[in-house]
Amino acid sequence: KDFKIKNFTTYLPEYSSSTAKVRVIVVARCELEKNIVRRPDLMTSRVFPTVWLELNLPKSPRYLLGSAYREWGSDDEKSVESQTDRLSSLEEQFIKASDGPSEVWIGGDWNLDASRFDEKNWRLKTIAAKFSEICELAGLQQKRVGPTYSYTVNDEVLTSELDYFLTNSKES
């Protein structure tokens, strides 16, 4: 709660992550504060940090904006089964968020490489499939933005698409 930027309001998840670290924050200009409603009713997961804000601007559609961070976990929590179970906690949030009249946009560091979702032998395929299933149930489509992470293996620079958006917008 001590993260402050001059002229900005800081919004945090309702619950701390399992590591007690703050993994996701949202900042918005102070002059927008009167147009923003924090939605703790959507921040229901104790294992998957999210921030949800409703943005109501004059002469504009109502937006429901979410921000998320998918933790890998540590030790036993790092297993594919454990990661898939934690991901399930998003289902309620996504369905409730997309059930209303607002246009929904969720940005996140999903730590799931969007460029590999169709690979049959990818070791995280089960997690990606569960993520896709949850999105489909909530009527959300993935909006990829290209590579967002680069790393080097044997002097070769590789990239991943770990950060992307989900939306129910028909115009995107």
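Residues numbered from 1 in each chain as written. Predicted model: local features only at pLDDT ≥ 70, side-chain atom pairs only at ≥ 80, totals over all residues. Heavy atoms only, no water.

(A) Spatial organisation of the sheet that holds strand β10 (residues 163-167). Pairing is mixed in the open sheet, where six strands are placed in the order β3-β4-β5-β6-β10-β7. The open sheet is flanked by β3 (36-38) and β7 (141-143), the only strands paired with a single partner. Across the sheet, the mean angle separating the axes of adjacent strands is 25° when strand polarity is ignored. By the bridge criterion, seven bridges tie strand β5 (residues 63-69) to strand β6 (residues 103-109) in an arrangement that is parallel. Of the residues in β6, the one forming a bridge with G66 is I106. The strands that helix α2 (residues 90-98) touches are β4 (50-55), β5, β6 and β10; relative to β4, the one it contacts most, it runs at about 5°. (Pairing = 2+ DSSP bridges. Helix = DSSP H or I, 4+ residues; strand = E, 2+ residues; numbered from the N terminus. Axes fitted to C-alpha atoms, helices over the stretch in contact; angles between N-to-C directions. Contact = heavy atoms within 4.5 Å.)

(B) Structural view of the nonpolar core. Judged by nonpolar contacts, the single largest core of 27 residues is most densely connected at W52, F94, W110 and F131. In contact with F131, not counting residues within four places along its chain, are L87, W110, L112, F117, Q142, Y164 and L166. Within the second largest apolar cluster, nine residues are counted, among which are Y11, V24, L53 and Y69. (Core = buried A, V, L, I, M, F, W, Y, C linked by side-chain atoms within 4.5 Å. Buried < 20%, exposed > 50% of the residue type's maximum accessible area, 1.4 Å probe, protein only.)

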